[in-house]
Protein chains: 2
Amino acid sequence: MALSSKKKYCYEYPHPAVTVDIVIFTIIDGKLKVLLIERSDNGKLAIPGGFVEINEDLDTAAKRELAEEAGVKDVFLEQLYTFGAPDRDPRERIITVAYYSLVSPDKAIQAGSDAKAVGWYDVDIEEKKLAFDHYYILKCAVDRIRGKLEYTTIGFELLPENFTLHQLQEVYEAILDEKLDTRNFRKKVLQQKCIVPIHKVTANVAHRPAKLYAKKGN
Amino acid sequence: MALSSKKKYCYEYPHPAVTVDIVIFTIIDGKLKVLLIERSDNGKLAIPGGFVEINEDLDTAAKRELAEEAGVKDVFLEQLYTFGAPDRDPRERIITVAYYSLVSPDKAIQAGSDAKAVGWYDVDIEEKKLAFDHYYILKCAVDRIRGKLEYTTIGFELLPENFTLHQLQEVYEAILDEKLDTRNFRKKVLQQKCIVPIHKVTANVAHRPAKLYAKKGN
DNA sequence: TCAAAAGTGTTCTTGATACACCCATGC
DNA sequence: GCATGGGTGTATCAAGAACACTTTTGA
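None of these values were measured; they are calculated from a predicted model. (Residues numbered from 1 in each chain as written. Chains lettered and ligands numbered in written order. Predicted model: local features only at pLDDT ≥ 70, side-chain atom pairs only at ≥ 80, totals over all residues. Heavy atoms only, no water.)

Colleague: Would you mind going over the relation of the copies chain A and chain B in detail, with residue names and values included?
Modeller: Each copy superposes on the other: chain A lies on chain B with an RMSD of 0.1 Å after a rotation of 180° and an axial shift of 0.0 Å. Look at the turn and shift together and you get a two-fold axis relating the two. Taking C-alpha positions as reference, the residue of chain A nearest the rotation axis is Cys10(A), located at 1.9 Å. Taken together, the interface assignments show that 100% of the residues at the interface of chain A recur at the interface of chain B, consistent with an identical surface on both copies. (Least-squares fit on C-alpha atoms with pLDDT ≥ 70 in both. Contact = heavy atoms within 4.5 Å.)

Spelled out as structure tokens, the structure:
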């Protein structure tokens, strides 16, 4: 019954399909959010992704999917982990190389801006709402970003080019899900010298204007 | 010319082959060593690995290869990174999920014990002696193990069940490639409480006997 | 008694934590 | 003049770094 004439790529041994899935994070209203797509077949939410083309590098595939699904490029993107349980997708053996990406709210697409049912969801979404093993992929990504925040300086990847220290602190608080001490936070990020003041301040705010900073090396 | 009758697994879209490669470390003579196999085709050295079977989990495939290639099981094994440049293997598109493993010298096979040309090599081996992108996989594994050593306690995975603090320190010095202060090292590992004294000492040594320790939870 | 590795404590420095008030602006 | 968020310093504590000598055994 299967149209085997359509199936024209043949191998001596069975080959799995390989996809990239990208856990895309942003900050909305001081909360860490993840981009998910509602599947038309069962209404479950899925991490965006797609097949790796046969002559395409994994990183390239991830960048391409990121552009296609979220409409962003030149953002933080890093490989996360590869998930390959034989039954993780009921249709076919699919091994997925998961990536995670940090996108600033100004670059991040508006949820549902294209035809697809995409939207930003809280990262503590229930397992049953997610398709396949995507709950575990998401958990893995959240753990990674929390861990990386402690010993790297990826926080400002979630902010626009110019930002205040208060905004940066909100990002850290959103990701770590705890309040931080303002004075200690400022001391720490300033002595790391990963961000530089741009000698401008916020305008038209109903309080004292805040100094703006930028990621170093821009 | 190709025996297409032999190639019986057919797909609508091309599928890459997927392998697992395992960077197997041990300590020999106080130096960090890696298990490599000499390839018969070009004499280059390769990290052991093999194809993932179509109904096999990635971790299971890695464990199987570890048993087949190095003859060890129940050792530390962790996924490292997935390498998938389209031209990394000239024969076919092969995506490899790399793992790394830490094996104690007493469990580690003797190099060349089976028919294959396997052997233990220094981790700072030259790039040109290694096949494919295995130099970068090895570098990635060495970086990972160095990083993990700082904030976890995986060092004793490279030692027999019972070991002295001095042996543990030698492992750390081998991996980090620097001398450590004995008093500070002992203070640190003992307060971490990951190892426990077994109230035995080394015997028949031409100096003061050393207390033996074991990984906690054995 | 000597060689060889085992074992041990204190001082100093550095980074992390805890904590409270004045400042600049728009309305 | 008041509401709002911006911005600052010091004292304490804990962890890491530097550093030298005595102990126990076999030969």
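Read on for the rest.
Colleague: Any details on the sheet that holds strand β9 (residues 162-163) of chain B? Residues and values, ideally.
Modeller: The antiparallel open sheet is built from three strands, whose spatial order is β9-β11-β10 (chain B). Of all the strands in the sheet, the pair left with one neighbour each is β9 and β10 (195-201) of chain B. (Pairing = 2+ DSSP bridges. Helix = DSSP H or I, 4+ residues; strand = E, 2+ residues; numbered from the N terminus.)

Colleague: Which residues make up the packing of aromatic side chains, and what are the values?
Modeller: Residue and element names in this part refer to chain B. One pass over the full model with this rule turns up 11 aromatic pairs over all chains. Ring geometry for Phe156 versus Phe163: centroids 6.4 Å apart, planes at 15°, classification stacked. Grouping residues by exposure puts Phe156 and Phe163 together as buried. (Phe/Tyr/Trp six-rings, centres within 6.5 Å; stacked < 30°, edge-to-face > 60°. Buried < 20%, exposed > 50% of the residue type's maximum accessible area, 1.4 Å probe, protein only.)

Colleague: Kindly report on the protein's contact with DNA strand D, identifying the contributing residues and their values.
Modeller: Taken together, 20 residues sit near DNA strand D, with Lys187(A), His207(A), Lys211(A), Asn184(B) and Arg208(B) positioned nearest. In DNA strand D, the atoms that sit within 4 Å of the protein are 42% sugar and phosphate, with bases accounting for the remainder. Contact between DNA strand D and Arg186(A): a phosphate oxygen at 3.2 Å from a side-chain N or O atom of the residue. At 3.4 Å from a base oxygen of DNA strand D is found a main-chain nitrogen or oxygen belonging to His207(B). Those elements that provide at least two residues to the surface near DNA strand D are α4 (182-192) of chain A together with α4 (182-192) of chain B. Tallying contributions element by element places α4(B) first for the surface near DNA strand D, with four residues. For the surface near DNA strand D, a count of residues per class yields six nonpolar, five polar and nine charged. (Near = heavy atom within 4 Å. Polar contact = N/O pair within 3.5 Å; in protein donor to acceptor, adjacent residues only side chain to side chain. Nonpolar A, V, L, I, M, F, W, Y, C, P; charged D, E, K, R; others polar.)

Colleague: How would you explain the interface of chain A and chain B if you had to name every residue and give the values?
Modeller: In this complex, chain A contributes 32 residues to the contact, which on the side of chain B involves 32 residues. Across the chain A to chain B interface the summed buried area is about 2900 Å²; carbon plus sulfur atoms make up 58%. In this assembly, chain A and chain B are joined by 19 residue pairs in polar contact (both at pLDDT 80 or more). Every element with two or more residues in the side of chain A that touches chain B is listed here: β1 (9-11), β2 (17-28), α1 (58-70), β6 (76-83) and β7 (94-102) of chain A. For the side of chain A that touches chain B, the element with the most residues is β6(A), which contributes four residues. When its residues are assigned to classes, the side of chain A that touches chain B shows 17 nonpolar, five polar and 10 charged. Pairing geometry for β1(A) and strand β1 (residues 9-11) of chain B, over three bridges, is antiparallel. Bridge pairing links Tyr11(A) to Tyr9(B) in β1(B). (Buried area = accessible area lost by both parts, 1.4 Å probe.)

Colleague: Could you give an account of the sheet that holds strand β10 (residues 195-201) of chain A, naming the residues involved and the relevant values?
Modeller: All names here are of chain A. Pairing in this open sheet of three strands is antiparallel, and the strands run β9-β11-β10 from one edge to the other. Of all the strands in the sheet, just β9 (162-163) and β10 have a single pairing partner and so form its edges. Sheet analysis places β10 next to strand β11 (residues 211-215), joined by four bridges and oriented antiparallel. Counted as the bridge partner of Ile195 is Lys215 from β11.

Colleague: Got a sec to walk through the state of the cysteines? Specific residues and values, please.
Modeller: Tallied over the entire structure, the rule returns one disulfide over all chains. Through a disulfide, Cys10(A) is tied to Cys10(B); the S-S separation comes to 2.2 Å. Taking the torsion about the sulfur-sulfur bond, which here is approximately 115°, the covalent link between Cys10(A) and Cys10(B) counts as right-handed. With one member in each of two chains, Cys10(A) in strand β1 and Cys10(B) in strand β1 form a pair that bridges those chains. For Cys10(A), a relative accessible area of 30% puts it in the partly exposed group. No disulfide involves Cys140(A); its sulfur sits 15 Å from the nearest other cysteine sulfur, which is in Cys140(B). Overall, Cys140(A) belongs to the partly exposed group, its relative accessible area being 22%. (Disulfide = S-S within 2.5 Å.)

Spatial relationships are all this shows, so hold off on functional conclusions.
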